Structure formats: structure tokens, C-alpha cells
Amino acid sequence: MHKFAITSVLALFSLNLIAQTDFPATDNVKSEVTIKVSRKTKRHRYFSDNAPVTMADGSVKSIADIKVGEHVKTCKGGKSMATQVKQIDVYNKPDFSLTAIYLRPVDGITNYDPKMIPALLLEATPNHRVQTNRGKKRLKKLSKNDILYHYEPSTGIVSSWKVGAVKENARFVSKAYNLETEDGTYLVDNVMVAQ
């Protein structure tokens, strides 16, 4: 009986030791490699699941389809470059609605229909940051004097676009995403955003 009790205690101790070594390894893998699931962190910075992210090769993927380790495109010094995705934050049933920012070109565009004014739409939470001519700013702090940067895949040119209109509470989404990259920026709908 005494032998059985010692064996049982040793078996439980071994299982406890194995369990303790397995859990930290799994937690480490989740935080470094896969997806961080959150609702209340990072000051609610996210995009809808279908936000188009420009990949390093120029193709476009929905933000929900991007994997950790993939390379996405960003801009630095007016030129495009690649940066690697380090982490993906997933927000299930997020609390905040998206803000819509409409952008118009700073320089006049010569070949467009005068009945149609060229514009870009960027949707993100009010706390999400974008790269402007005055540094990184949260969407809710943008004014009509701010200029954002747009990458044109067909020409490789980075152009300047001015904030035209801001629509708060544009829409709610049931699932949302944010990327963290090595460079700290990436392109959503070819507009440079920051983390």
C-alpha cells in the first residue's frame, strides 16, 4: 500500500511537471507566431475582415487571409518596400464602430471624368493611426489639412492624398483585424497605415 501511494504521488508530480512545461510553450507560440485574440486592448485599432492589404509582390489579400510571417508592402521615403507581419490581432464582436475617411488627391488629376471626383475610402476605428505628412496620427485626430500617402501598384508611385471628409460611426463589424509589422506600417487599400 505504501509503495502504491509513493508511485501515485510520483505519477501526479510527473504529470504536473509535464503540464507546466507544455503550457508556457503553447502560450509563447501563440504570442509570437499565430493570432492574438482581443476585445479591449490596443485602444481598439482594427479594420474590417475584408480590408484589402497590399502584399510584397503587389497582389492584394483580405486582412483576414494574411498569415504571420508573410511580407506586405509599405512605403518609406516615398518608395515602396516590403515588411514582415509579426502578429495578427483578431477582435471578435468589437465594441467600436468604424470611421470612414474619404481622401482626395492633393495634385490635380488630368485624365478623369469631371462628373466623377476621384476619391479614396479608408475605414478603421477612430483610434487607428495612419502615416501623415506630420507624423503618425489617429483617425479621430485627422483634419482637412492632413495628407496621407497612397501607393499606386501599376506605376509604383507614392502620391499624396488630402483628407476630404470624415464620417464617424460609419458601420459596425462582427469581426475585425489588425496587423503588426516589423516596420510598424503597412498598406490598406494602398493607403499607408501605422500600428
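Here, residues in each chain are numbered from 1, in the same order as that chain's written sequence. Residues qualify for local features only when their pLDDT is at least 70, as the model is predicted, and side-chain atom pairs are given and counted only at 80 or more; totals for whole chains, interfaces and linings, by contrast, use all residues. The basis for the side-chain values is all heavy atoms of the structure; hydrogens and waters are excluded.

> How do you make sense of unusual backbone geometry when you look at a structure like this?
If a residue is not glycine, its phi is most likely negative; likewise, a peptide bond is most likely trans. One non-glycine residue with positive phi stands out, namely Asp189, at about 55°. Helical segments are the DSSP runs of H or I of at least four residues, strand segments are the runs of E of at least two, and each set is numbered from the N terminus. Checked against the element boundaries, Asp189 lands in the loop between β14 (185–188) and β15 (191–194). Here Asn190, not a glycine, exhibits a phi torsion of approximately 65°, which is positive. Its place among the elements puts Asn190 in the loop between β14 and β15.

> Help me out: how do you make sense of the side chain of Glu123 in this one?
For Glu123, the position within the fold is in strand β8 (residues 120–124). By the criterion applied in these results, polar contacts are pairs of N or O atoms within 3.5 Å in which, for protein atoms, one can donate a hydrogen and the other can accept it, and in which residues neighboring in sequence qualify only through two side-chain atoms. A distance of 2.9 Å separates polar atoms of two side chains, one belonging to Glu123 and the other to Arg171. Other than its neighbours up to four places away in sequence, Glu123 contacts Phe47, Leu98, Thr99, Ala100, Ala170 and Arg171. Working rule for contacts: check all heavy atoms of both residues, and any pair within 4.5 Å makes them a contact.

> Honestly, the side chain of Asp146 in this entry has me stumped. Any pointers?
Take Asp146: it is sitting in the loop between β10 (135–138) and β11 (147–152). Setting aside anything within four residues of it in sequence, one finds Asp146 in contact with Thr132, Asn133, Arg134, Lys137, Lys141, Trp161, Lys162 and Val163.

> Sorry if this is basic, but what is going on with the confidence of the model for the protein chain here?
Predicted coordinates in areas of low pLDDT are best not read in detail. Mean pLDDT over the protein chain: 77, with 72% of residues reaching 70 or higher. The pLDDT value expresses, per residue, how confident the predictor is, ranging between 0 and 100. For the protein chain, the element scoring lowest by mean pLDDT is helix α1 (residues 2–32), at 37; strand β4 (residues 60–62) scores highest, at 95. Between residues 1–34, whose pLDDT stays under 50, and residues either more than four places distant or in other chains, the model counts 8 contacts. When the criterion is pLDDT under 50, residues 38–42 qualifies, and its contacts beyond four places in sequence or with other chains add up to 15 contacts.

> Sorry if this is basic, but what is going on with the environment of Val188 here?
Assignment of secondary structure puts Val188 in strand β14. Expressed as a C-alpha distance, the spacing of Val188 and Ile63, which sit 125 residues apart in the sequence, is 8.5 Å. In contact with Val188, other than residues within four places in its own chain, are Phe47, Ala51, Pro52, Val53, Leu122 and Val193.

> Looking at this model, I keep getting lost on the pattern of salt bridges. Mind explaining?
Opposite charge on two side chains makes pairing possible when the charged atoms of those side chains draw close. A pair is scored as a salt bridge if a Lys or Arg side-chain nitrogen falls within 4 Å of a carboxyl oxygen belonging to Asp or Glu. A full pass over the atoms with the stated rule returns 5 salt bridges. The residue Lys76 makes a salt bridge to Asp183 at a minimum N-O spacing of 3.9 Å. Remark: Asp183 occurs in the loop between β13 (175–181) and β14 and Lys76 occurs in strand β5 (residues 71–76); sequence separation between them is 107 residues. For Asp183, a relative accessible area of 25% corresponds to the partly exposed category. Of the charged contacts in the structure, one is a salt bridge between Arg171 and Glu123, with a shortest N-O distance of 2.9 Å. Of this pair, Arg171 sits in strand β12 (residues 157–171) while Glu123 sits in strand β8, and the two are 48 residues apart along the sequence. For Arg171, a relative accessible area of 31% corresponds to the partly exposed category. When salt bridges with common partners are traced through the structure, they connect Arg134, Lys137 and Asp146 into a single cluster. Only protein chains enter the area calculation, which uses a 1.4 Å probe; residues under 20% of their type maximum are buried, those over 50% are exposed, and those in between are partly exposed.

> Help me out: how do you make sense of the pairing of β5 in this one?
By definition, two strands form a pair when at least two bridges between them are found by DSSP. Judged from the 6 bridges that link them, β5 and strand β6 (residues 79–92) form a sheet pairing that is antiparallel. When the bridges of β6 are listed, Cys75 appears paired with Ser80.

> What am I meant to see in the nonpolar core here?
Most often, soluble globular proteins have nonpolar side chains that are buried together. We call a set of buried residues a nonpolar core when its members are Ala, Val, Leu, Ile, Met, Phe, Trp, Tyr or Cys and they connect through side-chain atoms within 4.5 Å of each other. Grouped together as the largest cluster of nonpolar side chains are 27 residues, with contacts concentrated most on Phe47 and Tyr186. Within the residue set of this core, elements represented by two or more residues are β6, β7 (98–105), β8, β12, β13, β14 and β15.

> Help me out: how do you make sense of the packing of aromatic side chains in this one?
Each pair of aromatic rings is reported with the distance of its centres and the angle of its planes. Stacked, edge-to-face and tilted are the three classes for Phe, Tyr and Trp ring pairs, Trp counted by its six-membered ring, which pair at centre distances within 6.5 Å; planes under 30 degrees apart are stacked, over 60 edge-to-face, the rest tilted. Enumeration over the complete set of coordinates arrives at 2 aromatic pairs. Here Tyr46 and Tyr91 contribute two aromatic rings whose centre-to-centre distance is 4.9 Å and whose plane-to-plane angle is 45°, an arrangement assigned as tilted. Taken together, the positions of Tyr46 in the loop between β1 (35–37) and β2 (47–48) and Tyr91 in strand β6 put the pair 45 residues apart, joining distant regions of the chain. Both residues of the pair, Tyr46 and Tyr91, belong to the buried class.

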